[in-house]
Amino acid sequence: LPTCLDSQLFIKDLHFDGVPVRIYLPREPSASKRRGVIFIHGGCGIFGSISKELKEKIICQYIARKSDSVVVSVGYHLAPEHKYPAQTLECLTATVHFLKTAETYGVDPARIIVCGDSVGGTYTASVCQELGHRTDIPKICAQVLIYPFLQALNFNLPSHQKNAAVAFLSRERTVHFILKYLNKDCSLKEPILAGSHVPESINLKCRKWINPDLIPDVFKLGYKPPPPALFSPQVHEKVQELFEPWFSPLLAEDYVVCGLPDTCIVTCEHDVLRDEGLLYKKRLEDNNVRVTWHHVEKGFH
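Residues numbered from 1 in each chain as written. Predicted model: local features only at pLDDT ≥ 70, side-chain atom pairs only at ≥ 80, totals over all residues. Heavy atoms only, no water.

- As annotated in an unreviewed UniProt entry, the protein chain is ADCL4 protein from Chaetops frenatus.

Right under this line is the structure:
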């Protein structure tokens with residue numbers, strides 16, 4: 001991959017309704033309108049930048065050049081300085097703006113996808129859920145979720161156990177970053193890891209969506225179901241955000257999920273978030289959404 005600015009592209013820093021974006025436009029004239037890609041970077045909502053992160057720059061240049069697309073990278077403001085759900089709202093604002101103004105950039109508004117990695121996949125899923133039934137703007141053509149974070153109820157799925165101590169995104173660090181993102185007391189980490197933040201009523205409702213029994217057997221080798229957690233009303237009260245679909249897209253109702261566009265999900269074997277992608281894949285398929293799944297057997301988050 002290139003490590004410097006690509007001479008085949010125009011790269012501009014703009015604002016879409018106040019949200020910073022960096023847009024990558026192929027220099028070569030096109031006989032027809034191009035595809036559009038909205039790219040939302042990862043970083044747990046507290047790291048990353050469209051201007052300073054070389055990785056994001058390389059990825060966006062690569063996508064723009066290889067797919068002959070106009071790529072918009074969203075520079076949402078980071079938590080905890082900018083409180084949740086500011087990040088989701090800014091991604092939503094930038095997406096709506098691009099859908100409405102796509103032709104200004106030589107893009108066919110009917111051929112725009114939204115793509116994100118890690119928490120960028122979370123924001124991608126939330127944006128697509130929010131816009132799925134809108135009729136006043138063009139429909140999103142597809143969504144691409146690259147090892148997305150999709151739920152904060154169960155941190156004892158098979159992939160959490162198998163990859164609990166994997167470098168960078170361990171099981172404990174995942175919850176630590178969640179609490180930092182929401183500007184919560186990090187002493188809540190242990191009861192959340194145990195599942196003490198989830199009341200039985202929510203467990204019962206969500207069991208049809210978040211359940212180790214829904215994971216294919218090939219991904220459950222060595223899995224040991226954890227003992228039941230003792231519910232703590234005090235912990236539950238302090239982390240209400242975890243139960244919102246904007247934070248945990250897997251909790252969206254079926255009428256929302258059935259309105260989603262074609263989806264590509266990428267999962268990695270050595271990733272605590274692997275099973276969330278698998279569970280979302282099943283939910284989408286159960287609601288007749290067309291899904292393409294790529295699993296990287298030796299991949300890490």
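Let's talk about the environment of Asn203
Part 1 of the reasoning: Turning to its location among the elements, Asn203 is positioned in helix H7 (residues 200-206).
Part 2 of the reasoning: Judged by relative accessible area, Asn203 falls into the partly exposed class, the value being 29%.
Part 3 of the reasoning: Along the primary structure Asn203 and Leu153 are separated by 50 residues, whereas in three dimensions their C-alpha atoms are 8.3 Å apart. (Helix = DSSP H or I, 4+ residues; strand = E, 2+ residues; numbered from the N terminus. Buried < 20%, exposed > 50% of the residue type's maximum accessible area, 1.4 Å probe, protein only.)

A few points about helix H5 (residues 171-181)
Part 1 of the reasoning: Of all the residues in H5, the buried ones are Arg171, Thr174, Val175, Phe177, Ile178, Leu179 and Tyr181.
Part 2 of the reasoning: Where the residues of H5 are buried, they touch helix H2 (86-101), helix H3 (119-131), helix H4 (158-162) and helix H6 (189-194).
Part 3 of the reasoning: Positive backbone phi, at 60 degrees, marks Asn183, one or two positions downstream of H5. (Contact = heavy atoms within 4.5 Å.)

A word on the pattern of salt bridges
Part 1 of the reasoning: Overall, the coordinates contain 16 salt bridges when judged by the stated rule.
Part 2 of the reasoning: The partner of Arg274 in a salt bridge is Glu269, with the nearest N and O atoms 3.1 Å apart. Grouping residues by exposure puts Arg274 and Glu269 together as buried.
Part 3 of the reasoning: Close ionic contact of Arg274 with Asp275 constitutes a salt bridge, the shortest N to O distance being 2.8 Å.
Part 4 of the reasoning: Residue Arg274 is classed as buried on the basis of its relative accessible area of 0%. (Salt bridge = Lys/Arg side-chain N within 4 Å of Asp/Glu carboxyl O.)

Overview of the packing of aromatic side chains
Part 1 of the reasoning: One pass over the full model with this rule turns up 10 aromatic pairs.
Part 2 of the reasoning: Arranged with centres 5.9 Å apart and planes meeting at 40 degrees, the rings of Phe16 and Tyr105 form a pair that is tilted. Highlighted residues: Phe16 in strand S1 (residues 9-16) and Tyr105 in the loop between H2 and strand S5 (107-117), separated in sequence by 89 residues.
Part 3 of the reasoning: With a centroid separation of 5.7 Å and 80 degrees between ring planes, the pair formed by Tyr84 and Phe247 is classed as edge-to-face. Of this pair, Tyr84 sits in the loop between strand S4 (69-74) and H2 while Phe247 sits in the loop between helix H8 (233-238) and helix H9 (254-257); the two residues are 163 residues apart in sequence, bridging distant segments of the chain. (Phe/Tyr/Trp six-rings, centres within 6.5 Å; stacked < 30°, edge-to-face > 60°.)

Thoughts on the UniProt feature "domain: Alpha/beta hydrolase fold-3" (unreviewed entry) in the protein chain
Part 1 of the reasoning: Following the UniProt record, one finds the feature "domain: Alpha/beta hydrolase fold-3" (unreviewed entry) at residues 37-192 and 241-301.
Part 2 of the reasoning: As annotated, residues 241-301 has a helix share of 28% and a strand share of 31%, and its two end C-alpha atoms lie 24 Å apart. (UniProt positions renumbered as here; feature names shortened; annotations may be inferred.)

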